[in-house]
Structures are given as structure tokens and as C-alpha cells.
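Secondary and tertiary structure notes
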Amino acid sequence: MEGYEKKDGMETIDREEIYSKAVRAGKRTYFFDVKATRNNDYYLTITESKKRFDDNGTQNFEKHKIFLYKEDFEKFGEGLEEVVAYIKAALGGEIPMSHENGTKRNEFDVDFDQI
């Protein structure tokens, strides 16, 4: 990925891939990959891949990746479900009651002891 070139002396170890699911969606493909840490703990990587062409016509792929760890699964899932429900309701012409006038303040649950 651009801006994340491998530096001299840095070793990157590909973690064991446990399970993978590719979802094609228009011009994008999403990859959901379950991997294992050295301690055999599982985590999820979500990669968005888009096909691009250079000025000279060479094909390449632009990729964006996030890492999601098991301790964050529940909050991530809840947040995703909430915003998807909001979008569906807004596009369907009905805004959920807790979202007056179609807006809601961003809410952040930050535990500063963990930072």
C-alpha cells in the first residue's frame, strides 16, 4: 500500500490464514480474512480492493486494509449495524426516532486508560 513501503531490516511475517471470504461488489472486492497471531489468537482483516489503471494503461490494485481484533468485534458490529439501519431508513424516507431532523451527533466511546 502506498506510504507503507517495507523498510530495510524490517521483517514482515504473514500470519496463517484460517478462513477467507471474498465479496465482489461492483468495481470493488472486499476480502474478509481470519488470521492467527503467534499465540494462536484470531483476528480479522478487512481489505477493500479497487482496480485502477495508470496513465500508461497498466493495471494495478488500490487496497485499503483494517485490522479488527476480537475484543472489538461486538462494538464494531453494533456500530456497523446502527449506521446501516440508519442509511436504509433515511433512504427509505423514514428516519429513526433517535435521529431527529436526520442528524445525530457522533458518539465516541474512548477508554483513555487503554491508550
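The structure contained in this document is the topic of the report that follows. Everything numeric in this text was worked out from a predicted model, so none of it was measured.

A few points about the overall build of the protein
When you go through the protein residue by residue, the secondary structure sums to one helix and four strands. Secondary structure of the protein in N-to-C order comes out as β-β-β-β-α. Looking at the protein residue by residue over its 115 residues, the buried ones come to 13%. The contacts in the protein between residues at least 6 apart in sequence include a share of 13% that link residues at least 24 apart. Entry remark: accessible area of the protein is about 10500 Å², with carbon and sulfur atoms responsible for 50%.

Observations regarding the pattern of salt bridges
Per the counting criterion, the structure on display carries four salt bridges. Put simply, Glu-62 and Lys-50 hold a salt bridge, and the shortest N to O gap is 3.8 Å. Within this pair, whereas Glu-62 is found in strand β4 (residues 59–69), its partner Lys-50 is found in strand β3 (residues 42–53), the two being separated by 12 residues in sequence. Through salt bridges with shared partners, a single ionic network connects Lys-50, Arg-52 and Glu-62.

Quick notes on the rules
- Residues numbered from 1 in each chain as written.
- Predicted model: local features only at pLDDT ≥ 70, side-chain atom pairs only at ≥ 80, totals over all residues.
- Heavy atoms only, no water.
- Helix = DSSP H or I, 4+ residues; strand = E, 2+ residues; numbered from the N terminus.
- Buried < 20%, exposed > 50% of the residue type's maximum accessible area, 1.4 Å probe, protein only.
- Contact = heavy atoms within 4.5 Å.
- Areas by Shrake-Rupley, 256 points an atom, 1.4 Å probe, with all protein chains shown as cover.
- Salt bridge = Lys/Arg side-chain N within 4 Å of Asp/Glu carboxyl O.

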